[in-house]
Amino acid sequence: MATQQTYSRLELDDRGIAWLTLERPEVHNAFDDSLIAELNAHLERLHVAAGHGEVRAVVLGSEGKSFSAGADLGWMKRMVEYDFDGNLADSRKLAALMHGLDTLPCPTLCRVQGAAFGGAVGLAACCDIVVASEKAKFCLSEVKIGLSPAVISPYVQRALGERQMRRYALTAEVMDATTALALGLVHRLAAHDELDAAVEAMLDILLAGSPQAQRATKALLAEVAREPDSKATREHTCRVISELRVSAEGQEGLASFFEKRRPAWTNDSDKTATEPRS
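Notes on the structure in this doc start here.

### Comments concerning helix α8 (residues 195–207)
Alright, step 1. The end-to-end C-alpha distance of α8 is 18 Å, a good match for the 18 Å that 13 residues give at a rise of 1.5 Å each.
Alright, step 2. Along α8, the residues that are buried comprise L195, A198, V199, M202, L203, L206 and L207.
Alright, step 3. Among the structural elements, β2 (17–22), β3 (57–62), β4 (108–112), β6 (129–133), β9 (188–190) and α9 (211–226) are those in contact with the buried residues of α8.

Here's what the structure looks like:
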């Protein structure tokens, strides 16, 4: 399912795992308006495919030494010439990228092998699970050049918490991998040469879950985060679990549990490599 784009690659394997990969290692996978447009197009396709159950999970990664250096220098130079409206339009495209990644229906995993600076921290924070190399580093570097991590701030603050966000957004300190793990930005660390094995181990765990239940749970958690304790939220949670219990996958899951066998979705080997439905 490889696309013919310039700066990124989207592939779907026979397990239903979509691999979305940044391919600008010569500039440390820095992103500009062209790459953002590509990623937005990929995410639009993934939203449709994941909604149809064709994609079980998405892995966001990159080629080369760095995960992403954030904004491309050439793009930043062009921004200097933009007026307010031009910058606003540009920022809205980045906001669409973050929102699109954050709201994908299926589980998302970010593979971070090296430096993740600026907007790249936002990409990681928008993913459900972050697996990082012990060599990874994270930095909200914007204030050092007179800017702000504005567009990515809702997602990074949700990951770090308000107190830690204030520190790292205002100081632009570099977080090493151990610090990022302690603060909750990263979920699992691996030795650099074992990063891919750690990613695969996490995918195995995800693939053991019910695809329908994972989609429903992800949507539910987003709703609960918006309004944690209200009558409407409590009613919604009751309806979600009731719908899952009477669904085909829910019935299969319960039956497999009592019969001490693997559920049917873990034995699905009929899928072939394909492009997500557009």
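### A few points about the sheet that holds strand β1 (residues 8–12)
Sheets are built from strands paired through backbone hydrogen bonds, the pairs being either parallel or antiparallel.
Alright, step 1. On the basis of which strands lie adjacent, the open sheet formed by 6 strands has the order β1-β2-β3-β4-β6-β9 and mixed pairing. With one partner strand each, in any of the chains shown, β1 and β9 form the two edges of the open sheet. For this sheet the average axis-to-axis angle between neighbouring strands, irrespective of direction, equals 20 degrees.
Alright, step 2. As paired elements, β2 and β3 share 6 bridges and run parallel to each other. Directly across from A18, in β3, lies its bridge partner V58.

### Re the packing of aromatic side chains
Alright, step 1. Evaluation of the coordinates by the stated rule reveals 2 aromatic pairs.
Alright, step 2. Relative to W75, the ring of F31 lies with its centre 6.4 Å away and its plane at 55 degrees, an arrangement referred to as tilted. Taken as a pair, F31 in the loop between β2 and α1 (33–51) and W75 in helix α2 (residues 73–81) lie far apart in primary sequence, 44 residues in all.
Alright, step 3. With a relative accessible area of 3%, F31 lands in the buried category.
Alright, step 4. Seen from the ring of Y7, R24 lies directly overhead, with NZ or CZ sitting 4.3 Å from the centre.

The rules behind each value
- Residues numbered from 1 in each chain as written.
- Predicted model: local features only at pLDDT ≥ 70, side-chain atom pairs only at ≥ 80, totals over all residues.
- Heavy atoms only, no water.
- Helix = DSSP H or I, 4+ residues; strand = E, 2+ residues; numbered from the N terminus.
- Expected span 1.5 Å × (residues − 1).
- Buried < 20%, exposed > 50% of the residue type's maximum accessible area, 1.4 Å probe, protein only.
- Contact = heavy atoms within 4.5 Å.
- Pairing = 2+ DSSP bridges.
- Axes fitted to C-alpha atoms, helices over the stretch in contact; angles between N-to-C directions.
- Phe/Tyr/Trp six-rings, centres within 6.5 Å; stacked < 30°, edge-to-face > 60°.
- Lys NZ or Arg CZ within 6 Å of the ring centre and 35° of its normal.

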